[in-house]
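So you can see what is in the structure, the chains are spelled out below.
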Amino acid sequence: MASTSKPLVLVFSLSEFTYDGMDAQLLQHLRTQSQVEVVKSRDAALRWLSKSPQPQAILLADQTVTERGQESLLKKLAEYAKGGGTIVFGCRFSSFVKPLAMEAMFQRTLDLPWARGSYHRTTFFLNRHVENISIESLAPSYSMKAMHLKNVAPTAAVYVPTETSKIQSLVFAPEPIRNLQETPAAYAKVGQGYVGFVGDVNDEEETTPLLAAMLLASSRRQSAAGGSTTTVSYIVIREDYMR
């Protein structure tokens, strides 16, 4: 019989800058579905990663793990993910991370081809064909100012622009989005576990259930399968995927 206890989700908020107000809605939402522990130091993070059983998922709420001097923590996180855990980069991560540091982490440490893409606001649409993540609670579309990822394989973009999407700006003209191969939200299988990314920089309301869906995807699959484990993939989409 599957356990009825709530899964444990860790939130690594390691930067000296705190944005508790921005995180409040997300933490409140997560606590309705999981046990949540906010971790605010590198040493505490390493201790959590050494415990058994390990957490269901870890949210990286800032860019700290990509910075110089954090190699041992990043290595542990990669081992955790490849061994069956879930890590998701969100909240303040995309606002403060250095592109080259992010790409080195994705490509060299996590074995993903992801790289930094565009940065703008537009309306994104839910990919109805995304695999291995529940989309029932997600908005069918919403406007988001976000850092995009490119080189995401066509099975992991949760939201994508379409041919109807246009730049939304008080400064720039509302030109059509030309690169439909980029995504602000990706979720991929790495080893036996999963890596997620949400590039929203303004903490949009619709991003809260998106982050929760990524963090709790593996828990929901296990519950549906009576405790067995399955896998997650990753995707990029065009207009025809929405049909």
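As the structure is a computational prediction, the values presented were derived from the model and not from experiment.

Trainee: For this particular structure, what's the right way to read unusual backbone geometry?
Mentor: The phi torsion of most residues other than glycine is negative, and most of the peptide bonds are trans. In this model, Ser-52 is joined to Pro-53 through a cis peptide bond whose omega is 0 degrees. You will see that Asp-111, though not glycine, has its phi angle at about 60 degrees, which is positive. Along the polypeptide, Asp-111 turns up in the loop between α5 (99–109) and β5 (115–126). On the accessibility criterion, Asp-111 (53% relative accessible area) is exposed.

Trainee: Explain the side chain of Gln-63 to me, please; I cannot follow it from the model alone.
Mentor: Looking at the secondary structure, you find Gln-63 in the loop between β3 (57–60) and α3 (71–82). In this structure Gln-63 comes out as buried when scored by relative accessible area, which is 11%. Here the side chain of Gln-63 touches Glu-67 through a polar contact of 3.0 Å, side chain to side chain. In contact with Gln-63, other than residues within four places in its own chain, are Phe-93, Phe-96 and Val-97.

Trainee: Could you clarify how one ought to interpret the pattern of salt bridges in this entry?
Mentor: As enumerated under the stated definition, the model contains four salt bridges in all. For Glu-204, the salt bridge goes to Arg-121, with nearest N and O atoms at 2.9 Å. Here the residue Glu-204 occupies a position in the loop between β9 (193–198) and α6 (207–224), and Arg-121 occupies one in strand β5, the gap between them amounting to 83 residues.

Trainee: Even after reading the chapter, I still don't get the confidence of the model for the chain, so can you show me in this structure?
Mentor: Interpretation of the predicted coordinates at a detailed level should be avoided for regions scoring low in pLDDT. The predicted model of the chain averages 88 in pLDDT, with 86% of residues at 70 or higher. Across residues 227–243 the pLDDT falls below 50, and counting only partners more than four positions away or on other chains, this stretch makes 77 contacts in the model.

Trainee: Looking at this model, I keep getting lost on α3. Mind explaining?
Mentor: The α-helix advances 3.6 residues per turn, and as a result positions three or four apart in sequence lie on the same side. An ideal rise of 1.5 Å per residue puts 16 Å on twelve residues; α3 measures up with 16 Å between its terminal C-alpha atoms. A positive backbone phi angle near 130 degrees is found at Gly-84, which sits one or two residues after α3.

Trainee: Please explain the nonpolar core as it appears in this structure.
Mentor: One recurring pattern in soluble globular proteins: nonpolar side chains tend to sit buried together. Ranked by internal contacts, the top residues of the largest apolar core, which has 36 residues, are Phe-12, Ile-87, Phe-89, Phe-106, Trp-114 and Val-195. Examining the composition of this core, we find that six residues originate from one element, α3, more than from any other. Other than its neighbours up to four places away in sequence, Val-195 contacts Ala-81, Ile-87, Phe-89, Phe-106, Leu-110, Leu-112, Trp-114, Ala-186, Tyr-187, Ala-188 and Val-190.

Trainee: What am I meant to see in the environment of Gly-85 here?
Mentor: Counting through the fold element by element, Gly-85 comes out in the loop between α3 and β4 (86–89). If we skip the residues at most four places from it in the chain, Gly-85 touches Tyr-80, Gly-193 and Tyr-194.

Trainee: Is there a simple way to explain the packing of aromatic side chains in this structure?
Mentor: The way to describe two aromatic rings as a pair is by their centre distance and the angle between their planes. Counted according to the given criterion, the structure contains seven aromatic pairs. Between Phe-89 and Phe-93, the aromatic rings sit 4.9 Å apart at their centres with planes inclined by 50 degrees, giving tilted as the arrangement. When its relative accessible area of 1% is taken as the criterion, Phe-89 is described as buried. Overall, Phe-93 belongs to the buried group, its relative accessible area being 0%. Between Phe-89 and Phe-106, the ring centres sit 5.7 Å apart and the planes meet at 90 degrees, which makes this aromatic pair edge-to-face. Within this pair, whereas Phe-89 is found in strand β4, its partner Phe-106 is found in helix α5, the two being separated by 17 residues in sequence. Taking the relative accessible area as the measure of exposure, Phe-106 reaches 0% and is therefore buried. Joined through ring pairs, the aromatic side chains of Phe-89, Phe-93, Phe-106, Trp-114 and Phe-197 make up one cluster. The cationic tip of Lys-51 hangs over the ring face of Trp-48; the distance from NZ or CZ to the ring centre is 3.9 Å.

Trainee: Sorry, what's going on with the pairing of strand β8 (residues 185–190) here?
Mentor: Within a regular strand, side chains alternate between the sheet's two faces. Counting buried positions over the six residues of β8 gives five, a clear majority of the element. Judged from the two bridges that link them, strand β7 (residues 157–160) and β8 form a sheet pairing that is antiparallel. Within the sheet, the bridge partner assigned to Ala-157 lies in β8 and is Ala-186. Following β8, the chain reverses through two residues before pairing antiparallel with β9; Gly-191 in that reversal takes a positive phi of roughly 60 degrees.

Rules used throughout
Residues numbered from 1 in each chain as written. Predicted model: local features only at pLDDT ≥ 70, side-chain atom pairs only at ≥ 80, totals over all residues. Heavy atoms only, no water. Helix = DSSP H or I, 4+ residues; strand = E, 2+ residues; numbered from the N terminus. Buried < 20%, exposed > 50% of the residue type's maximum accessible area, 1.4 Å probe, protein only. Polar contact = N/O pair within 3.5 Å; in protein donor to acceptor, adjacent residues only side chain to side chain. Contact = heavy atoms within 4.5 Å. Salt bridge = Lys/Arg side-chain N within 4 Å of Asp/Glu carboxyl O. pLDDT = per-residue confidence, 0-100. Expected span 1.5 Å × (residues − 1). Core = buried A, V, L, I, M, F, W, Y, C linked by side-chain atoms within 4.5 Å. Phe/Tyr/Trp six-rings, centres within 6.5 Å; stacked < 30°, edge-to-face > 60°. Lys NZ or Arg CZ within 6 Å of the ring centre and 35° of its normal. Pairing = 2+ DSSP bridges.

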